[in-house]
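# A look at the structure
One-letter residues, chain by chain:
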Amino acid sequence: MLLTIIIPAWNAEKTLDECLNSIFAQTVSDFEVRIVNDGSTDGTEDLLRQWQARYPCQLFFETVENGGQGRARNLALEKARGQFIGFVDSDDWIEPDMYEKLLAVSQKENADLTLCEVTAHFPDGSTDQERIYRPDRPMASAGFANNKLFRRELLDGVRFAEEKLWYEDLEFTAIAIHRAKKIAHLDESLYHYRRGLPSTMNNRNAEKNLDLLTVMQHLEDELLPNARDDFEFLVLNHVLLDAMNRVQAMDVPEKRNVLWMLRSWVHEKIPQLSVCESFRRESRNRRIIMRLHYLGLSSLAALILKIITTSELVVCSDPIRVSTC
């Protein structure tokens, strides 16, 4: 078996057909699809039975009690037979030649991990082609598993967090990137995902952003002491920038305490921001916002963020999916 495509599904009856149509339209034929129905309460299981009847030799699914996306993916990983592993979410879709192209690049370059670019689709019909890859900073593409093709051996011992944490993609992909000896990139947007719909990353639960600290602690254990620069890059971009931007934008009573906890944790890991090499390599605008959060001036950071994001002269080079600077 060449390829296993893993899909976690939870109450996905409205989007599952589009997702699976795009997968079974793939121009590569040697693949299996493994779906874990994570305790859906709508018609997801009935749809899966219909699809399994159409593709009995390629589509396999199991229904389990709701345990979160991380556990669902891990259950499928344990049964995967493919030499390569890919992930697709049940509300997303892919170009018909996505896996053919990723496999060709991976095999040509003997890559452990190969990735493509992605397109975000908003409820108003607009789209945004996002830049995920930076050749000078492979860790910048951590945080999103679905645009990547993993060689099976790379994932030996690598699994998603199962504590129903946010950011489980970040932990999984950062560890895979750290362990990969060769990473290849295909400069085409082949993966499509919906943005702006209700999800774990755009609700008003400020305290769930503290899940990031648990994930970062796991990454510290994995990356230090040999990859301190990569670890500090993740701290700066995902805690000091993304999470604090997101929490500051919320109008909730616990905002102040969550910001304090995030900032205190960054101070512990990076006691002197100005001498941090990863910080010094960031763009000027990103350094401004990071420093303001670091100093406890998150309200000012939010105000300046509105100014620089409306300037046509500012171009952000890092593919941070939630922050807007």
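Residues numbered from 1 in each chain as written. Predicted model: local features only at pLDDT ≥ 70, side-chain atom pairs only at ≥ 80, totals over all residues. Heavy atoms only, no water.

### Some thoughts on the environment of P96
The line we're drawing: The helix and strand labels rest on DSSP assignments: H or I over at least four residues marks a helix, E over at least two residues marks a strand, and numbering proceeds from the N terminus. Here a residue-residue contact requires only that any non-hydrogen atoms of the pair lie within 4.5 Å.
Mapped onto the elements of the fold, P96 is located in the loop between β5 (93–94) and α4 (98–109). In this structure, the C-alpha to C-alpha distance between P96 and D251, residues 155 residues apart in sequence, is 42 Å. Among residues more than four places away in sequence, those in contact with P96 are A25, Q26 and T27.

### Section: the nonpolar core
Going by this rule: Put simply, a nonpolar core is a bunch of buried Ala, Val, Leu, Ile, Met, Phe, Trp, Tyr and Cys residues held in one set by side-chain atoms that sit within 4.5 Å of each other. Exposure categories follow from relative accessible area, calculated using a 1.4 Å probe and restricted to protein chains: below 20% of the type maximum is buried, above 50% is exposed, and the middle band is partly exposed.
Formed by 112 residues in total, the largest nonpolar core has its most connected members in L20, I23, Y99, M216 and L234. With residues up to four places along the chain from it excluded, the contact list for L20 reads I7, V33, I35, W51 and L59.

### A few points about the pairing of strand β3 (residues 59–64)
Where we set the bar: In this analysis, strands are considered paired if DSSP registers two or more bridges between them. By convention, a crossover is right-handed whenever its connection, traced from the first strand over the helix to the second and viewed with the strands pointing away, goes clockwise.
Of the pairings in the sheet, the one linking strand β2 (residues 31–38) to β3 comprises six bridges and is parallel in character. Opposite R34, over in β3, you have F60 as the bridge partner. Between β2 and its parallel partner β3, the chain crosses via helix α2 (residues 44–54), and the hand of that crossover is right-handed.

### What to know about the confidence of the model for the protein
As a reminder, the rule being used: Across the chain, each position has a pLDDT score giving the predictor's confidence in that residue, from 0 to 100.
With 92% of its residues at a pLDDT of at least 70, the protein reaches an overall mean of 91. Segment residues 197–202 is flagged for pLDDT under 50; beyond a separation of four residues in sequence, or across chains, it makes eight contacts in the model. Overall, residues 311–325 carries pLDDT values under 50, and its contacts beyond four positions in sequence, including any with other chains, amount to 37 contacts.

### Digging into the side chain of H238
The topology assignment puts H238 in helix α7 (residues 228–248). The residues contacting H238, other than those within four sequence positions of it, are A142, L170, L212 and A243.

### Side note on unusual backbone geometry
Cis geometry marks the peptide bond from L224 to P225, where omega comes out at 10°. Although it is not a glycine, N11 adopts a positive phi angle of roughly 45°. The topology assignment puts N11 in the loop between β1 (3–9) and α1 (16–23). Of the residues examined, N11 reaches a relative accessible area of 27% and is grouped as partly exposed. Unlike most non-glycine residues, Y167 shows phi in positive territory, near 70°.

### Considering a nonpolar patch on the surface
Counted only if it meets this: Only residues whose relative accessible area exceeds 30% and that form no salt bridge enter a patch; like-charged residues are grouped when within 9 Å of one another, and nonpolar side chains (Val, Leu, Ile, Met, Phe, Trp, Tyr) when within 5 Å. Accessible surface area values rest on a Shrake-Rupley calculation with a 1.4 Å probe, where residue burial reflects the displayed protein chains alone. One speaks of a salt bridge when a side-chain nitrogen belonging to Lys or Arg is within 4 Å of a carboxyl oxygen belonging to Asp or Glu.
Taken together, the side chains of L295, L297, L300, L303 and I307 make up a nonpolar region of the molecular surface, amounting to roughly 470 Å² of accessible area. Take L300: it is sitting in helix α11 (residues 298–309). Given the relative accessible area of 37%, L300 is considered partly exposed.

### Describing the packing of aromatic side chains
Formally: Planes of paired rings set the category: under 30 degrees apart is stacked, over 60 is edge-to-face and the rest tilted, where pairs are Phe, Tyr or Trp rings (Trp by its six-membered ring) whose centres lie within 6.5 Å. As a reminder, the over-ring test applies to NZ of lysine and CZ of arginine, requiring each to be within 6 Å of the ring centre and within 35 degrees of the ring normal.
Applying the stated rule across the entire model yields 13 aromatic pairs. Centroid distance F24 to Y55: 3.8 Å. Interplanar angle 10°. Geometry classified as stacked. Of this pair, F24 sits in the loop between α1 and β2 while Y55 sits in the loop between α2 and β3, and the two are 31 residues apart along the sequence. By relative accessible area, which is 15% here, F24 ends up buried. Judged by its relative accessible area of 23%, Y55 falls in the partly exposed class. Within the aromatic cluster, the residues linked to one another by ring pairs are F24, F31, W51 and Y55. The side chain of R34 reaches across the aromatic face of F60, ending 4.7 Å from its centre. For the cation-ring pair, R54 lies above W51, with the distance from its terminal atom to the ring centre recorded as 4.2 Å.

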